[in-house]
Amino acid sequence: MPSQILQQISHLPPKSSPSTEMMFKSLIYDDPSTTLLSSSSRFGDDHHTISSTVKPLLSRSSSYNGGVTAKKTSSGGGLTGWYQNRRRRSNSDNCLSAFPDDTNGTDGGQTTIGQEVGHAAAETFLLTRLCLKLLSYLGVGYRWITRFMALGCYAFLLMPGFIQVGYYYFFSPYVRRSIVYGDQPRNRLDLYLPKNSTGPKPVVAFVTGGAWIIGYKAWGSLLGQQLSERDIIVACIDYRNFPQGSISDMVKDASSGISFVCNHIAEYGGDPDRIYLMGQSAGAHIAACTIVEQVIKESGEGDSVSWSSSQINAYFGLSGGYNLLSLVDHFHSRGLYRSIFLSIMEGEESLRQFSPELVVQNPNLKHIIDRLPPFILFHGTDDYSIPSDASKSFAETLQRLGAKAKVILYEGKTHTDLFLQDPMRGGKDEMFEDIVSVVLGDNQELIGKSVDRRRLVPEFMLKLAHWVSPF
């Protein structure tokens, strides 16, 4: 199967001709000063508010000079400013870790087990605090209560796998956690490095999902572990979630993270000419918005950019939604209420601006199509969180406009099967092999070196998790 996928995906048609193929096959780093002020969607981060003013996705006025733009705040003096500056300096000290040694995978300064456990406890407390803050904001709607209970059962059933992946995330010498890529809260990323440090490696920049609300960079640890075993570096980009930020903040953070990867990945053994962008669920939407916005910037005159869309070899969208106008009612029925969703997206009038499928159809933007990288969309046919029609429609739109696009459907798979349950099942992972066949291109030796991963969770628990999943 990987060889068939390789033949059909890696040899994509030239930019000037559309690809009409469609294949069908059998989810926090928070600033301590950030608090939820009120249910009116005002944020504690730098006096940022959501109001009736729309922050356009396609704005060309923002500058990306120097890679990351620091936002000026009114807290430069006093105790708050001292704390933020001290925290920023502390984070910057750990910004650029050295590439692991060939023999033992360790770098010069080793942390103690106590420090690692303390870090794990601090992040667990942070996640718990943000979840409680979110629940207080959402209220006690029955859909959220029932889904929260289902989520608890789902997490319990997959706990054996979560514990093993968590141990790898916190204690592996090949994971570089919380590398600073910007000046905003949660501007951090994790790097998953292969054990083999010979030669430059291909890179996957991954934007995690989480309904724009509970996304976190550690959600990509299972994918990072899988791909790093196949000689691929993975950069999991964290970003501000709602209510800490709105969609334009998320897109800006993702762009800054991608910029860091493009400009600094060589320092970690990555190949800046072989970078792939990937997103899952809400992360797929954010990543798609980011690449489309970047192409538009590059097409304008006088726009300053810190990375180029030409550095992205392909975009992988996993279980994403790309036309928000067609999904807002569906999300409401699933418990992501319209009022909350519109606050995340900065008002109903902004839905079109943050819908990549609609943006690319703008007659005034025909010239950007040739600049887009190949779009390869993965989706399960039994996905009820975001129906697979969302990926099919986006791929068909791109193909009709002359862009290179392909959708791969996985029969009977849900929103989380492809990303969590299947990898925890062990053995060969179909979607994972499809990704590897594209990233490794014509390197048949590495493609053929498939890894039968060990099972992390018993089969009966995986089937129960599939049944109770709130996604």
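Since the structure is predicted, the reported quantities are computational estimates derived from the model, not experimental observations.

Enquirer: It is not clear to me how unusual backbone geometry should be interpreted in this structure. Could you clarify?
Expert: Glycine aside, residues mostly have negative phi angles, and peptide bonds mostly take the trans form. A cis amide bond links Phe 242 with the next residue in sequence, Pro 243, at an omega value of 10 degrees. With respect to the helices and strands, Pro 243 occurs in the loop between β5 (233-237) and α7 (247-264). Positive phi, normally seen in glycine, also occurs at Trp 212, with a value near 65 degrees. Under the relative-accessibility criterion, Trp 212 is labelled buried at 4%.

Enquirer: I keep staring at the pairing of β5 and nothing clicks. Help me out?
Expert: Moving residue by residue along a regular strand, the side chains alternate between the two faces of the sheet. Of all five residues in β5, five are buried; the element is thus mostly enclosed. A two-sided burial pattern is seen for β5, the buried positions comprising Ile 233, Ala 235 and Ile 237 on one face and Val 234 and Cys 236 on the other. Summarising the sheet, strand β3 (residues 188-192) and β5 pair through four bridges and their orientation is antiparallel. Across the sheet, Leu 189 pairs through a bridge with Ile 237, a residue of β5.

Enquirer: Would you take a moment to explain the nonpolar core for this structure?
Expert: Looking at soluble globular proteins, one finds that nonpolar side chains tend to be buried together. Leu 191, Trp 212, Leu 277, Tyr 315, Phe 341, Ile 344 and Phe 375 are the most contacted members of the largest nonpolar core, which totals 71 residues. Among the elements that make up this core, the one with the highest residue count is helix α8 (residues 282-299) (10 residues). Filtering out sequence-adjacent residues up to four positions away, Phe 341 remains in contact with Trp 212, Leu 324, Val 328, Phe 331, Leu 336 and Leu 351. With 45 residues, the next largest nonpolar core counts Leu 158, Tyr 168, Val 234 and Leu 318 among its residues.

Enquirer: So what exactly am I meant to see when it comes to the pattern of salt bridges here?
Expert: Between side chains of opposite charge, a pair can form as their charged atoms come close. The final tally for this structure, using the stated rule, is 16 salt bridges. A salt bridge links Lys 297 to Glu 293; the shortest N-O distance between them is 3.9 Å. With a gap of four residues between them, Lys 297 and Glu 293 both fall in helix α8, about one helical turn apart. Like Lys 297, the residue Glu 293 is buried in the burial classification. As a salt-bridge pair, Arg 425 and Glu 459 come within 2.9 Å of each other at their nearest N and O atoms. Within this pair, whereas Arg 425 is found in helix α13 (residues 417-425), its partner Glu 459 is found in helix α16 (residues 459-468), the two being separated by 34 residues in sequence. Classification of Arg 425 as partly exposed rests on a relative accessible area of 24%.

Enquirer: What am I meant to see in the pairing of strand β7 (residues 312-318) here?
Expert: Taking burial as the measure, the seven residues of β7 include six buried ones, the bulk of the element. In this structure, strand β6 (residues 270-280) lies alongside β7, joined through five bridges in parallel fashion. Paired with Ile 275 across the bridge in β7 is Ile 312. Of the pairings in the sheet, the one linking β7 to strand β8 (residues 375-380) comprises four bridges and is parallel in character.

Enquirer: Please clarify how the UniProt feature "transmembrane region" (unreviewed entry) in the chain should be interpreted in this entry.
Expert: Per the UniProt record, "transmembrane region" (unreviewed entry) is found at residues 148-170. A distance of 26 Å separates the end C-alpha atoms of residues 148-170, which is 96% helix and 0% strand.

Enquirer: What's the story with the environment of Val 360 in this structure? I'm lost.
Expert: Position of Val 360 relative to the elements: it lies in the loop between α11 (356-359) and β8. What makes Val 360 buried here is its relative accessible area of 2%. With 34 residues separating them along the chain, Val 360 and Phe 394 place their C-alpha atoms 9.8 Å apart. Not counting chain neighbours up to four residues away, the residues in contact with Val 360 comprise Val 292, Ile 369, Leu 372, Thr 397, Leu 398 and Leu 401.

Parameters and conventions
Residue positions within a chain follow its written sequence, with the count starting from 1. Residue-level local features of this predicted model are given only where pLDDT is at least 70; pairs of side-chain atoms are given and counted only at 80 or more, and the full residue set underlies all totals for whole chains, interfaces and linings. Side-chain figures throughout are based on the complete set of non-hydrogen atoms in the structure, without hydrogens or water. Comment: elements are numbered from the N terminus, with helices defined as DSSP H or I runs of at least four residues and strands as E runs of at least two. Only protein chains enter the accessibility calculation, which uses a 1.4 Å probe. A residue is then buried if its area is under 20% of the maximum for its type, exposed if over 50%, and partly exposed in between. At least two bridges found by DSSP between two strands are what make those strands a pair. Residues grouped as a nonpolar core are buried Ala, Val, Leu, Ile, Met, Phe, Trp, Tyr and Cys residues, joined through side-chain atoms within 4.5 Å. The contact criterion used is simple: two residues touch if any of their non-hydrogen atoms lie within 4.5 Å. Salt bridges are defined by distance alone: a side-chain nitrogen of Lys or Arg within 4 Å of a carboxyl oxygen of Asp or Glu. UniProt positions are given in the numbering used here, feature names are shortened, and annotations may be inferred rather than shown by experiment.

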